[in-house]
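Each chain is listed here by its residues.
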Amino acid sequence: MTVRAGLKGLASAFLLTAAAAVTVTFTLTMTPAPAAAAEAKGEWARPTGTSRIKIAPCGDALCGTLVWLKDPRNDDKNPDEAKRSRPLLGSQTVIGMKPTGKDGQWKGKVYNAEDGETYTGFIQMDGNDKLKLEGCVMGGLLCKGETWTRVK
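A brief report on the enclosed structure follows. (Residues numbered from 1 in each chain as written. Predicted model: local features only at pLDDT ≥ 70, side-chain atom pairs only at ≥ 80, totals over all residues. Heavy atoms only, no water.)

1. Observations regarding the overall build of the chain
Part 1 of the argument: Each helix and strand in the chain was counted, giving one helix and eight strands.
Part 2 of the argument: Starting at the N terminus, the α and β elements of the chain follow one another as α-β-β-β-β-β-β-β-β.
Part 3 of the argument: In the chain, which comprises 152 residues, the share counted as buried stands at 26%.
Part 4 of the argument: Taking all contacts inside the chain whose residues are at least 6 apart in sequence as the whole, residues at least 24 apart take part in 36%.
Part 5 of the argument: For the chain, the computed accessible surface area is about 10,100 Å², with 60% contributed by carbon and sulfur atoms. (Helix = DSSP H or I, 4+ residues; strand = E, 2+ residues; numbered from the N terminus. Buried < 20%, exposed > 50% of the residue type's maximum accessible area, 1.4 Å probe, protein only. Contact = heavy atoms within 4.5 Å. Areas by Shrake-Rupley, 256 points an atom, 1.4 Å probe, with all protein chains shown as cover.)

2. Some thoughts on the packing of aromatic side chains
Part 1 of the argument: In this structure the tally under the stated criterion is zero aromatic pairs.
Part 2 of the argument: Over the aromatic face of W68 sits the side chain of R52, whose NZ or CZ is 5.5 Å from the ring centroid. (Phe/Tyr/Trp six-rings, centres within 6.5 Å; stacked < 30°, edge-to-face > 60°. Lys NZ or Arg CZ within 6 Å of the ring centre and 35° of its normal.)

3. With respect to the nonpolar core
Part 1 of the argument: Judged by nonpolar contacts, the single largest core of 15 residues is most densely connected at M97, I123, M125, L131 and L133.
Part 2 of the argument: Counting residues per element, the ones that place at least two in this core are β2 (51-58), β4 (92-99), β5 (105-112), β6 (117-125) and β7 (130-137).
Part 3 of the argument: Counting residues in each nonpolar core, the second largest holds five residues, with L66, L88, Y111 and A113 among its members. (Core = buried A, V, L, I, M, F, W, Y, C linked by side-chain atoms within 4.5 Å.)

4. Digging into the pairing of β7
Part 1 of the argument: Across six bridges, the pairing between β6 and β7 is antiparallel. Looking at β7, one finds that G121 is bridged to G135.
Part 2 of the argument: Connecting the antiparallel pair β6 and β7 is a turn made up of four residues, with G127 showing a positive phi of about 80 degrees. (Pairing = 2+ DSSP bridges.)

5. Quick word on a nonpolar patch on the surface
Part 1 of the argument: Together, V137, M138, L141 and L142 give the surface a local cluster of nonpolar side chains, amounting to about 420 Å² of exposed area.
Part 2 of the argument: Along the chain, L141 turns up in the loop between β7 and β8 (142-150).
Part 3 of the argument: Assessed through its relative accessible area of 67%, L141 is described here as exposed. (Patch = residues over 30% accessible without salt bridge, like charges linked within 9 Å, V, L, I, M, F, W, Y side chains within 5 Å. Salt bridge = Lys/Arg side-chain N within 4 Å of Asp/Glu carboxyl O.)

Worth remembering: the numbers are spatial, not functional.
Written out as structure tokens, the structure is:
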């Protein structure tokens, strides 16, 4: 092997390595970034159309307040007798939701005015315009919920 042939082989190897580096760099810069978790803050409507809740920051958590009711009424099922005469409109029903570490999910408490009970609650985003709100018992083994739609 001559020096000239060795340099030619070295140059070819260098060009192949450079081409591979350019390909990897191009692939990495053209790969879309992972989508950001959907945002739970905003106004949401129940699938029944009977109420709307506004989810907003409260300290280091998220909370939800009833901002619209089709048929306004008092909190007559509240276990605290002193609160049974208060209007539900303006009351907090989603309480202290904090991120669980799972993408688009929060955990806290949910007050159900239909039975006056407070449950362990979860919010799970389904895209940007759907939010599943669940109330659970028995440490999260039994859950019931519904999917709410973002109000535009």
